[in-house]
Amino acid sequence: MGLSLSVSQLHVQLKSHVAGQKALRGLFGIEHLELADGHSLALYGPSGSGKTTLLNHLAGLSSTPGSRVLWTKTLSGQTAWQQDVTQLQGSSIDRWRLQHTGLVFQQFQLFASMSALENVLTPYRFDHWRCPTSARQRAGQLLQEFGIVATAPTGKLSRGEQQRVALARALVREPDVILADEPTASLDPVTAAQVMDILLQKCRNQGLTLIVATHDAALAHRFDQALTLQQGQLVPLETA
Ligand SMILES: Nc1ncnc2c1ncn2[C@@H]1O[C@H](COP(=O)(O)OP(=O)(O)O)[C@@H](O)[C@H]1O
Ligand SMILES: [Mg+2]
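Figured I'd write up the structure that's included with this text. Predicted, not measured: the structure shown is a model, and the values here were computed from it.

Let's shift gears to the overall build of the protein chain. The number of helices and strands found in the protein chain is 6 helices and 10 strands. When its C-alpha atoms are laid out on the principal axes, the protein chain stretches across 50 × 40 × 40 Å. Evaluated residue by residue, the protein chain yields a buried proportion of 38% over its 240 residues. Sequence-distant contacts, at least 24 apart, represent 70% of the contacts inside the protein chain between residues at least 6 apart.

Inspection of the secondary structure puts Leu33 in strand 2 (residues 21–35). In this structure the C-alpha to C-alpha distance between Leu33 and Ala220, which are 187 residues apart in sequence, comes to 18 Å.

Pairing geometry for strand 9 (residues 225–230) and strand 10 (residues 233–236), over 4 bridges, is antiparallel. When the sheet's bridge partners are listed, Gln230 is paired in strand 10 with Gln233.

With respect to topology, 4 strands assemble into an open sheet ordered 2-1-4-5, the strand pairing being antiparallel. At either margin of the open sheet sits one strand with a lone partner, and together these are strand 2 and strand 5 (78–84). Here the strands of the sheet are splayed against their neighbours by 20° on average, with no regard to which way each runs. Pairing between strand 4 (residues 68–75) and strand 5: 6 bridges, direction antiparallel. Considered in strand 5, the bridge of Lys73 is made with Trp81.

Time to look at the sheet that holds strand 8 (residues 209–213). Spatial ordering of the open sheet is given by 6-7-8-3-9-10, a layout of 6 strands whose pairing is mixed. Where the open sheet ends on each side, the last strands, each with one partner, are strand 6 (101–105) and strand 10. Along the sheet, successive strands turn relative to each other by an average axial angle of 20°, direction set aside.

Here we take up the site of ligand 1. In the vicinity of ligand 1, the residues found are Leu14, Leu27, Gly45, Ser47, Gly48, Ser49, Gly50, Lys51, Thr52 and Thr53. The dominant element in the shell around ligand 1, judged by the number of residues it contributes, is helix 1 (residues 51–58), at 3 residues. In the shell around ligand 1, the residues fall into 2 nonpolar, 7 polar and 1 charged.

Our next topic: helix 1. Taken as a whole, helix 1 has its buried residues at Lys51, Leu54, Leu55, His57 and Leu58. For helix 1, the angular spread of the buried residues around the axis is 160°, confining them to a single face. The inward-facing, buried residues of helix 1 abut strand 1 (4–18), strand 3 (40–44), strand 4, strand 7 (177–181), strand 8 and strand 9. One or two positions beyond helix 1, positive phi appears at Gly60, with a value near 75°.

The element strand 8 is largely enclosed, with a buried count of 5 among its 5 residues. Of the two faces of strand 8, the one lined by Thr209, Ile211 and Ala213 and the one lined by Leu210 and Val212 are each fully buried. Examined bridge by bridge, strand 3 and strand 8 share 4 bridges and lie parallel to one another. Residue Leu41 lies in a different strand from strand 8, and its bridge partner there is Ile211. Of the strand pairs in this sheet, strand 7 and strand 8 are connected by 5 bridges, and their pairing is parallel. Bridge assignment links Val177 to a residue of strand 8, and that residue is Thr209. For the crossover that starts at strand 7, traverses helix 6 (residues 189–206) and ends in the parallel strand 8, the hand is right-handed.

Quick look at the nonpolar core now. Counting 59 residues, the largest nonpolar core has Leu43, Val120, Leu143, Ala168, Ile178 and Leu179 as its most contacted members. Per-element accounting of this core gives the leading share, 6 residues, to helix 5 (residues 159–171). With residues near it in sequence (within four places) discarded, Ile178 still touches Gly102, Val104, Ala170, Cys203, Leu208 and Leu210.

Positive phi is not limited to glycine here, since Ala19 has a value of about 50°. Position of Ala19 among the secondary structure elements: in the loop between strand 1 and strand 2. Residue classification places Ala19 among the exposed residues on the basis of 5 C-beta atoms within 10 Å. In this model, Gln109 sits at a positive phi of 55°, which is unusual for a non-glycine residue. Structurally, the position occupied by Gln109 is in the loop between strand 6 and helix 3 (116–120). C-beta crowding within 10 Å serves as the criterion here: with 13 such atoms nearby, Gln109 is assigned to the partly exposed category.

Calculation rules
- Residues numbered from 1 in each chain as written.
- Chains lettered and ligands numbered in written order.
- Predicted model: local features only at pLDDT ≥ 70, side-chain atom pairs only at ≥ 80, totals over all residues.
- Helix = DSSP H or I, 4+ residues; strand = E, 2+ residues; numbered from the N terminus.
- Buried ≥ 20, exposed ≤ 12 C-beta atoms within 10 Å, placed from the backbone.
- Contact = placed C-beta atoms within 7 Å.
- Pairing = 2+ DSSP bridges.
- Axes fitted to C-alpha atoms, helices over the stretch in contact; angles between N-to-C directions.
- Near = placed C-beta within 6 Å.
- Nonpolar A, V, L, I, M, F, W, Y, C, P; charged D, E, K, R; others polar.
- Arc of directions from axis to C-beta.
- Right-handed = clockwise from strand over helix to strand, strands pointing away.
- Core = buried A, V, L, I, M, F, W, Y, C linked by C-beta atoms within 7 Å.

Have a look at this one:
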């Protein structure tokens, strides 16, 4: 099952240089953002609006003093645990991310010379000397489900197939949350729709929480919530 998310007081500023002087420029400010366990959220906004920066904060890859990014696990109606990722540092945040999140990127970030199976298993390389047999089985099952030959050299696969390998890699450790940064932006429209179908279906079936940054507004109606970063604010996306 997934995690619920509660973000508060996330006011992100960027360091910039104006006429040789260091200055701060506000990128966006989020007073509150809530997402229910197992729900999907689309984050829209033009290039440069801060979608990647926001995802990085949700994953604990960046943090801003004074903010709170609280993830909560609920089991049988009771809070099982809560973690404000802004409070974790160093290897603790890396471990937390590895255990609870699956990340998907626009440019796939796969090793072209490795097989599809080896790519899917890379998240185990960080903390396992040998990859567990159960992980190999799960990786094989995911690839089969996504229609990919496990032994295929990844660099020879089509772009849609490569992104499906990346989805399998994000799912293989059975995360609670999938964070995807423009996962379909480098695919043609038909392939993009297929990849998004798989991602939404998989997260719904397993009750995973899904947050996707995208600039494809046509996908809005497929998510439980759709928000857009506009002039530094996170507001509901008008889909009319
Ligand atoms: N580490 C950084 N240092 C300074 N500026 C950054 C950094 N990362 C991103 N930015 C700037 O922040 C803005 C938002 O970037 P980003 O989050 O990548 O937006 P988006 O994903 O919506 O295109 C851009 O103007 C970008 O140049
Ligand atoms: Mg981006």
